Amino acid sequence: MMNLQSDNTSEKHSILSGVLINKAILIDGQGEQLECSGYRDHACKRCMYYLLCVLTLGFSLLLTRWKPEWGYYLTKTRCPLATATCVLLKDASGQFFTADIQTLHLNPGFNTSIQGLDDGQEEESYETESVTACLTSSQLGVERVLTYFDHHHERFVWDIQSATYKRLQGLDVNTKCSAFHDCFQGMSAVVQAEKLQLYRPNSIDIEVKSYWRLFIDEVLNPFYIFQVFSVALWFSDKYYYYAGCIIFISLISIIVSLYETRKQSVTLRDMVSMTTSEILVCRGNKEFEVVDIHSLVPGDVIAIPSHGCLMPCDAVLTQGNCIVNESMLTGESVPVTKTPLTHQEDTETYSPDEHKRHTLFAGTQVIQTRYYGQAKVLAVVIRTGFNTAKGELIRSILFPKPVGFKFYQDAMRFILFLGLIATVGMIYSIAILYREGVLFSKIVLRALDIITIVVPPALPGAMTVGMVYAQMRLKKQGIFCISPPRINFCGKLKLICFDKTGTLTEDGLDMWGVLPVVSKRFHGIIHEPSTLPRDPFLVCMATCHSLTMIDGELNGDPLDLKMFESINWDIEEPGEDRTRFDCLMPTVVKPKAPGSRAFYRGYPSYNSNQQVLEEPGQDTSKFETMMPTVVKPCTRDTFMHDVSLPDKPPFEVGIVRQFTFSSSMQRMSVIARILGQSHMSAYVKGAPEKIISLCKPHTVPENFPEVLHQYTIQGFRVIALAYREFDSKLTWHQAQRISRDKIEHDLDFLGLLIMRNTVKPETTPVIKKLRTANIRTVMVTGDNILTAISVARDCGMVQRSDRVILVNANPPDPVTNKEASILWQFAEMPSDSSASEAEVPPEATPFVSSTSGGGKSYHAVSLSDETEKYHFAVTGRSFAVLTTYFQDLMPKICTRGTIFARMSPEQKAQLVKQLQDLGYGVGMCGDGANDCMALKTAHAGISLSEAEASVASPFTSKTQNIECVPTVIREGRAALVTSFGCFKYMALYSMIQFASVLILYNFKTNLSDFMFLYVDLLITTTVAFLMGYTGAYGKLVARRPPGSLLKLSILLSIIFQVIVVTAFQVGSYFLIKAQPWFVPVKPTPSADNYQCFETTTIFYVSAFQYMTLAFAYSKGPPFRRRIWSNVLFSLSLVALVAFTACLMFVAPEGVRNFLKLKHYPSRSMKFKLKLVGYIAVNFVVCLFIEWIVESETFQKVCRFLRNKKKPKNRYKLVEKELTLLPDWPPVDHVTLPTSTLESSAVQEAHP
């Protein structure tokens, strides 16, 4: 709640305790830390700053714009947060942000509880305590002032008790579930308006800046400021044409950039725009009023329209059901059913993640609503605006985390190094020109010109070329990227995590059979569920689902669909007339009527147990006042009443209540009643391990573990069914309020539902490609661990000769005082020695044969085989124990772990983080539903979704299989190599020109305006932007491209090339000087005699050097295709070579004069041929250097020179450690935590 009821004494004490606090750590909406420091204006400092701005001609203003923290240091002074007028924020990546402290004057009687209680009652224990605001008042009850600041669309308010700022939150934190039913009955318009001041309008407004504002922001970028400086310098030096061309190109670049930026902003704004403008809000006493959606605040009670709507906020469903499409948030196209938050969670604290089945998220589409006849479907608003789940995703797009890729960090360091070289060059050029008596103005211009030469303005743009082209190629292949910098990350991926269902395996399941329990023993396998007798097993299959009819098509979970279809059901929408039903309006399931088209359609003969599902709209008076889902077999006695038995009702089952599937609970359940019976029953289905724990032990067959093991180890999806009969005293209305935990216990075990989950045909070849490329693959799934092991073997993640070790970790038991422990066990391999189904009698344990499960062949593997390769298999329960009590073992578990099963969405993200901490470049591929957290945590998350772009992950693939993974990695590698090549080329381009200028400065001359234009625009720009057009190599190889520019081989390559190009330029001068017709340049004080033999020769040699290095750095395999596959680049390179050669041999006089080229005399043909040979030698030497530095021998020499004694990545150290521990893990032994100081020590004992 907004805790503002503190008395004067506590308020004064809190303020005094916060006087000395001038820095605090805040937590933003994404869980990231913000370091908050308090500042206030300092008059003296501000005056000095204004003086500095005048002295630096405004450059200080630019510096403080680029570095906001410098502005605070220069104009403000540190002070306690309690008295600060502004704050300086620093995030985890080191970025600084500023925000002004603001105040909000509230009415004296304003109740700041976020529950919005307007009846003056005291706040109780259910109220939230996570976010509080401090209202200071000079006179209590006269004026109340709220102090706050806004950052990245989040509001942080002052908390008087903790004397710091805290993020303003809604009802999503520390709110008891009971509060949503007991305390939110609607608020008045006055209270709503007051709370709107605090929470701001409920909107996600994306600012679309005008072109003028975008232009100002763009030109004030350091890159363009450097361009302005360079252009001004060139104009001063009379390089008019060159400067004009640069201005023209820069303007074109700015215009394109502004158009794309504004287009993206408009697209994002349109994406988050709301089609719904008004909604019904409860004002108390069941009175409703239509209000604008922007007026909603946490605590409002809204009515969801019966025809559906686009949710304008996050809200908890408290009354009625909703069918919702959440594809915008999760990428999951299957609609989900949202049920009301019930009293079963009364003692729980609400969490949007734990209670997402009861939560309607902003931006999701409500397709249908269902509840009592004319009653409204109600929900309580918990979050609005940018605080919603949708708002958080939009904020992550607007303010992405900086990509901490080593390549970019090294690039900045290298640019600083180039700046150092420029400084040395300036000193050298000043000394040379001063010695030669050049005018002072010319010395200054020439010295400053060195900076523009050594640090090329086009360098940042050239580095992004590879990513841009890779993004275009990915889009053509149906892979969309919303974060282009992530593409380069993909080039360094070393491990890929895969979800199983829908990613590695088919999303849909095939019904393989059912295994009912009869007399506490498994009955024989039944492949046709429609032939089951009318017993609880059939009733459980007919009722325990969450299917619904949407636009005439049956929708719901794929597993429920297959189960539904296996007993031949049909579904009908509700009738038009609902006025006669003052009751619940659920789906109605009933048998198909004999004689109807639906009854005979698709069925050649009459089946006595065909089922039909019907939605509300028929007569259900026989089910008292509530209209349940009705299930009944399609038999003659159902439709043709037996006059001999007038009192016997037809066999029908009414579904009274539904508890939807929960990932954390791993089950779903329903309450139902068979017509004619006086009692109700609960039917439950879910994970076998979970269901068994809820069943009476004597109802479970003794051989249950063996039967479950035999099916799961062969890759079948096994679902357990159970039920429980209630006392007849349980009424319909009591069933609507009973808590879930009160019905899901003391169950009778019914049997197993066995479904086949086949591996996608593309999965195994892709896994093989990744293994060949030395990219580790890991399965992270919510399915059964034995099923996951089987799929891992089928797809090649685990080889047949590899061992799988189950890591069974148990938490400490306070009752028996047992410590946490780990039992290491081998997972049994599937054997081909199982008896065939025909050889096993129906009453025996129905093991599956090697040929009955879909044609797969399983071979026995001896567990005694001495193999070095082993994999860990870990369940989510064990993972939680390991991360809590065995942190020292987590690096080993993660390094050798291949199968992680029964993992919750949070645990998936935790695993990805653990792998990243080990030094892995981690990719994650999933269907976008339960994998959102892991997809966003990974370095490269790939969502398999039909949407063109999903905010669930950086990459979205329309191809619904994992073939996109190698594609993304190949394109990432190509983009990374291109970025390296472009960077090295641009660095060498500046060094070549730097060498040319310094050589010519010795003769008081320089390259002409159009020579610079020819080199910079015609050669360098064309080459730099086309060399990245080369596509990715078709094969994924084991070698990975380097990730750092400071790698010794790369640095030596640049150094050797600089030496070579400088040497050949100097050599060309001596070559021309040795000619008998050579005439030295006549120096002038202005040093502007460009048309001379020295300048012309240096120009020809350097021009070919640019093209030589472009060819040398356009590497092909193993990461990119051959250079000639890039037709545009190849043709442009050939054209440039031919044109430059023509200039040397047959250039017309007009062209020579235009470029200021000195004409070689007619007798100089021999010299020209020598010069061509000289250039050819330069070409060969450059290629030879690149071949040497890329060779394996040279790499070994570099590793020796670096004296690399141990691996850099932590996972390699762990692998090395594991190779030295042949007896670890202690299989069939128990590992206990140790009390010794050495974290790696363990205590072992026999189980």
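Numbering of residues starts from 1 in each chain and follows the order in which that chain's sequence is written. In keeping with the model being predicted, local features are shown solely for residues with a pLDDT of at least 70 and side-chain atom pairs are shown and tallied solely at 80 or more, while totals for entire chains, interfaces and linings include all residues. To get the side-chain values, all heavy atoms of the structure are used, and hydrogens and water are removed first.

1. Looking at the sheet that holds strand β20 (residues 377-383)
Then, in step 1: Pairing between strands is defined by DSSP: at least two bridges between them are needed. Secondary structure elements follow DSSP: runs of H or I no shorter than four residues count as helices, runs of E no shorter than two count as strands, and numbering proceeds from the N terminus. Pairing within the open sheet is antiparallel, and its six strands lie in the order β12-β11-β13-β20-β15-β18. A single partner strand is all that each edge strand has here, and the edge strands are β12 (288-292) and β18 (359-360).
Then, in step 2: When strand β13 (residues 301-304) meets β20, the two strands line up antiparallel, connected through four bridges. Considered in β20, the bridge of Ala303 is made with Leu378.

2. Digging into helix α30 (residues 964-1001)
Then, in step 1: Taking 1.5 Å as the rise per residue, α30 with 38 residues should run 56 Å; its terminal C-alpha atoms sit 54 Å apart, in good agreement.
Then, in step 2: Accessible area is worked out with a 1.4 Å probe on protein chains only. A residue is then buried under 20% of its type maximum, exposed over 50%, and partly exposed in between. Extensive coverage of α30 is indicated by the burial of 38 of its 38 residues. A helix is expected to reach a length of 1.5 Å times the quantity of its residues less one.

3. Re helix α34 (residues 1127-1146)
Then, in step 1: With 20 residues, α34 should reach 28 Å at 1.5 Å per residue; the first-to-last C-alpha distance of 27 Å fits that figure.
Then, in step 2: Three or more residues of α34 are buried, namely Phe1129, Ser1130, Ser1132, Leu1133, Leu1136, Thr1140, Leu1143 and Met1144.
Then, in step 3: Only heavy atoms enter the contact rule, under which two residues are in contact if any of them lie within 4.5 Å. The elements touched by buried residues of α34 are α31 (1009-1026), α33 (1093-1112), α35 (1149-1155) and α36 (1165-1190).

4. What about the nonpolar core?
Then, in step 1: The term nonpolar core refers to a set of buried residues drawn from Ala, Val, Leu, Ile, Met, Phe, Trp, Tyr and Cys, joined through side-chain atoms within 4.5 Å. Of all hydrophobic cores here, the largest spans 98 residues; its most connected members are Ile450, Val454 and Tyr985.
Then, in step 2: Ranked by the residues each element gives to this core, the list is headed by α30, at 17 residues.

5. Regarding the environment of Ala82
Then, in step 1: Position of Ala82 among the secondary structure elements: in the loop between β3 (76-78) and β4 (86-91).
Then, in step 2: The spatial distance from the C-alpha of Ala82 to the C-alpha of Gly38 is 8.0 Å, given a sequence separation of 44 residues.

6. Some remarks on the packing of aromatic side chains
Then, in step 1: Here a Phe, Tyr or Trp ring, Trp counted by its six-membered ring, pairs with any other such ring whose centre lies within 6.5 Å, and the pair is stacked when the planes are under 30 degrees apart, edge-to-face when over 60, and tilted otherwise. Per the stated rule, a full pass over the model turns up 41 aromatic pairs.
Then, in step 2: Seen in terms of ring centroids, Tyr39 and Tyr72 are 5.3 Å apart; in terms of plane orientation they differ by 75°. Their pairing is edge-to-face. Placement of the pair is Tyr39 in strand β2 (residues 33-41) and Tyr72 in helix α4 (residues 68-75), with a sequence separation of 33 residues. Take Tyr39 and Tyr72: they sit in the same class, and that class is buried.

7. Brief notes about the side chain of Arg383
Then, in step 1: Among the structural elements, Arg383 can be located in strand β20.
Then, in step 2: Counted as a polar contact is a pair of N or O atoms within 3.5 Å, where, for protein atoms, one must be capable of donating a hydrogen and the other of accepting one, and residues adjacent in sequence contribute only when both atoms are in side chains. Of note is the side chain of Arg383, whose polar atom sits 3.4 Å from the side chain of Asp172.
Then, in step 3: There is a polar contact of 2.7 Å between the side chain of Arg383 and the side chain of Asp314.
Then, in step 4: When residues no more than four places from it in sequence are discounted, the contact partners of Arg383 are Asp172, Cys313, Asp314, Pro352, Phe361, Thr388 and Ala389.

8. Remarks on the side chain of Gln916
Then, in step 1: Structurally, Gln916 is set in helix α28 (residues 905-917).
Then, in step 2: Residue class for Gln916 comes out buried when judged on its relative accessible area of 16%.
Then, in step 3: One polar contact links the side chain of Gln916 to the main-chain carbonyl oxygen of Thr937, over a distance of 2.9 Å.

9. Overview of the packing of helix α2 (residues 43-55) against α4
Then, in step 1: Note on geometry: axes are C-alpha line fits, over the in-contact stretch for helices, and angles between N-to-C directions span 0 to 180 degrees. In the contact formed by α2 and α4, the axes pass within 7 Å of each other and the chain directions differ by 120°. Taken together, the axes of α2 and α4 are oblique relative to one another. Judged by residue contacts, Lys45, Arg46 and Tyr49 of α2 engage Tyr73, Leu74 and Thr75 from α4.
Then, in step 2: Here the residues of the contact of α2 with α4 are counted per class, giving three nonpolar, one polar and two charged. An angle counts as roughly parallel when it lies under 35 degrees, as roughly antiparallel when it exceeds 145, as roughly perpendicular when it falls between 65 and 115, and as oblique in every other case. Gly is placed with the polar residues, together with every amino acid not listed as nonpolar (Ala, Val, Leu, Ile, Met, Phe, Trp, Tyr, Cys and Pro) or charged (Asp, Glu, Lys and Arg).

10. Brief notes about a negative patch on the surface
Then, in step 1: Two distance rules govern patches: like charges are joined within 9 Å, and nonpolar side chains (Val, Leu, Ile, Met, Phe, Trp, Tyr) within 5 Å, applied only to residues with over 30% relative accessible area and no salt bridge. For the area figures, the Shrake-Rupley method with a 1.4 Å probe applies, and any residue is considered shielded solely by the protein chains shown. Any Lys or Arg side-chain nitrogen found within 4 Å of a carboxyl oxygen on Asp or Glu counts as a salt bridge. Working convention for charge: Lys and Arg count positive, Asp and Glu count negative, and His plus the chain ends are omitted. The atoms used to mark charge sites are NZ of Lys, CZ of Arg, CG of Asp and CD of Glu. A contiguous patch of negative charge, built from Glu348, Asp353, Glu354 and Asp741, is present on the exposed surface.
Then, in step 2: Mapped onto the fold, Glu348 is located in the loop between β17 (336-338) and β18.
Then, in step 3: For Glu348, a relative accessible area of 31% puts it in the partly exposed group.

11. Some details on the sheet that holds strand β16 (residues 321-325)
Then, in step 1: Strand order across the open sheet formed by four strands is β14-β19-β16-β17, with antiparallel pairing between neighbours. Edge strands, defined here as strands with exactly one partner in the open sheet, are β14 (309-310) and β17.
Then, in step 2: Pairing between β16 and β17: three bridges, direction antiparallel. The residue of β17 that forms the bridge with Val324 is Val336.

12. Brief notes about the pattern of salt bridges
Then, in step 1: Evaluation of the coordinates by the stated rule reveals 31 salt bridges.
Then, in step 2: For Glu207, the salt bridge goes to Arg213, with nearest N and O atoms at 2.6 Å.
Then, in step 3: A salt bridge links Lys892 to Glu1217, with the nearest nitrogen and oxygen atoms 3.5 Å apart. Taken together, the positions of Lys892 in helix α27 (residues 890-896) and Glu1217 in helix α38 (residues 1210-1219) put the pair 325 residues apart, joining distant regions of the chain.
Then, in step 4: What makes Lys892 buried here is its relative accessible area of 7%.
Then, in step 5: Via salt bridges that share partners, Lys984, Arg1039, Lys1115, Glu1186 and Glu1190 belong to a single interconnected network.

13. Some remarks on the confidence of the model for the chain
Then, in step 1: What pLDDT conveys is the predictor's confidence in a given residue, as a value from 0 to 100. For the chain, mean pLDDT is 79; residues scoring 70 or higher make up 80% of the total.
Then, in step 2: Across residues 112-142 the pLDDT falls below 50, and counting only partners more than four positions away or on other chains, this stretch makes 103 contacts in the model.
Then, in step 3: Contacts for the low-pLDDT stretch residues 591-626, under 50 throughout, to residues beyond four places or in other chains number 136 contacts.

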